[in-house]
Amino acid sequence: MAESHGGPKGTTAHTEADGGHKEFPPFQKDTFASQLVSLAIAFVALYLIVSKIALPRVGGVIDKRQDTIDGDLAAAQKLKDESDSALKAYESELASARSRAQAIGAETREKLNAASEAERKTLEEKLSQKLAEAEKTIASTREAAMSNVRGIATDAAAAIVQRLSGVAPDSASVGQAVDASLKG
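All of these numbers come straight from a predicted model, not from anything done at the bench.

As for the overall build of the protein chain
Item 1. Each helix and strand in the protein chain was counted, giving two helices and zero strands.
Item 2. Sorting the 184 residues of the protein chain into buried and exposed places 3% on the buried side.
Item 3. Summarising the internal contacts of the protein chain: among those between residues at least 6 apart in sequence, 17% fall at separations of at least 24.
Item 4. With the model as given, the accessible surface of the protein chain reaches about 15800 Å², and the carbon-plus-sulfur share is 61%.

Okay, structure coming up:
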């Protein structure tokens with residue numbers, strides 16, 4: 001059954017095909033040509049709107065975005081180049097500073113070695129002088145001790161003989177005996 005749309009009773013909005021089936025409007029033979037013309041006009045209008053308005057805007061946005069990307073890439077490359085040059089400058093300065101530090105260290109080491117060597121020589125000279133003085137002192141002390149040894153040995157021998165024999169010996173004979181003993 002057909003639906004009514006505000007018209008007199010019994011009229012239908014769509015024509016019915018034989019057997020009571022409704023026919024889809026675009027496939028109606030009576031309106032097919034006008035629908036093709038309307039489709040062509042709508043297609044041309046849509047084509048003109050898209051080609052003249054939408055596509056240039058989209059193309060402009062794409063071009064602007066590409067320009068922004070290219071600008072960002074160029075800026076990034078510039079910053080990378082600056083960073084690389086700064087890194088090279090830093091590395092060369094670091095190498096220069098290391099070589100200067102090594103040169104300063106070597107120079108300081110040489111100065112300290114020279115000062116140490118001079119101080120060592122001064123100390124050796126002082127020690128040599130003190131050693132020579134000490135040897136002279138030892139020699140004079142030995143001579144003094146050796147001269148005292150004869151006197152002490154003579155006194156001791158005389159005291160021993162007197163104690164053992166009870167008689168005081170002659171100092172000349174004790175002196176000869178001590179001299180004979182000291183000669184070997």
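Looking at helix α1 (residues 32-165)
Item 1. Taken as a whole, α1 carries its principal kink of about 40° at V50.
Item 2. Of the residues one or two after α1, G166 is the one with positive phi, at around 85°.

Considerations on the side chain of T154
Item 1. With respect to the helices and strands, T154 occurs in helix α1.
Item 2. Ignoring anything within four residues of it in the chain, the contact list for T154 reads V174, G175 and V178.

Remarks on the pattern of salt bridges
A pair can form between side chains of opposite charge whenever their charged atoms are brought close.
Item 1. Applying the stated criterion across every chain, the model contains four salt bridges.
Item 2. Between K80 and D84 there is a salt bridge whose closest N-O contact spans 3.3 Å. Linking K80 with D84, this pair stays in helix α1, spanning four residues, or about one helical turn.
Item 3. The partner of E117 in a salt bridge is R120, with the nearest N and O atoms 2.1 Å apart.

Section: helix α2 (residues 171-183)
In an α-helix, one full turn covers 3.6 residues, which means residues spaced three or four apart are oriented alike.
Item 1. The terminal C-alpha atoms of α2 lie 18 Å apart, and with 13 residues this matches the ideal 18 Å at 1.5 Å per residue to within 8%.
Item 2. Taken together, the buried positions of α2 are occupied by V174, G175 and V178. Here the buried residues of α2 occupy an arc of 100° about the axis, which is enough to place them on one side. Pointing more than 90 degrees away from the buried face of α2 are the exposed residues Q176 and K183.
Item 3. Looking at the buried side of α2, the elements it contacts are α1.

Focus on a nonpolar patch on the surface
Item 1. Taken together, the side chains of F43, V44, Y47 and L48 present a nonpolar region at the surface, about 440 Å² in accessible area.
Item 2. By secondary structure assignment, the location of V44 is in helix α1.
Item 3. Overall, the relative accessible area of 45% leaves V44 in the partly exposed class.

Rules behind the numbers
Residues numbered from 1 in each chain as written. Predicted model: local features only at pLDDT ≥ 70, side-chain atom pairs only at ≥ 80, totals over all residues. Heavy atoms only, no water. Helix = DSSP H or I, 4+ residues; strand = E, 2+ residues; numbered from the N terminus. Buried < 20%, exposed > 50% of the residue type's maximum accessible area, 1.4 Å probe, protein only. Contact = heavy atoms within 4.5 Å. Areas by Shrake-Rupley, 256 points an atom, 1.4 Å probe, with all protein chains shown as cover. Bend = angle between axes of the 7 residues up to and from the residue. Salt bridge = Lys/Arg side-chain N within 4 Å of Asp/Glu carboxyl O. Expected span 1.5 Å × (residues − 1). Arc of directions from axis to C-beta. Patch = residues over 30% accessible without salt bridge, like charges linked within 9 Å, V, L, I, M, F, W, Y side chains within 5 Å.

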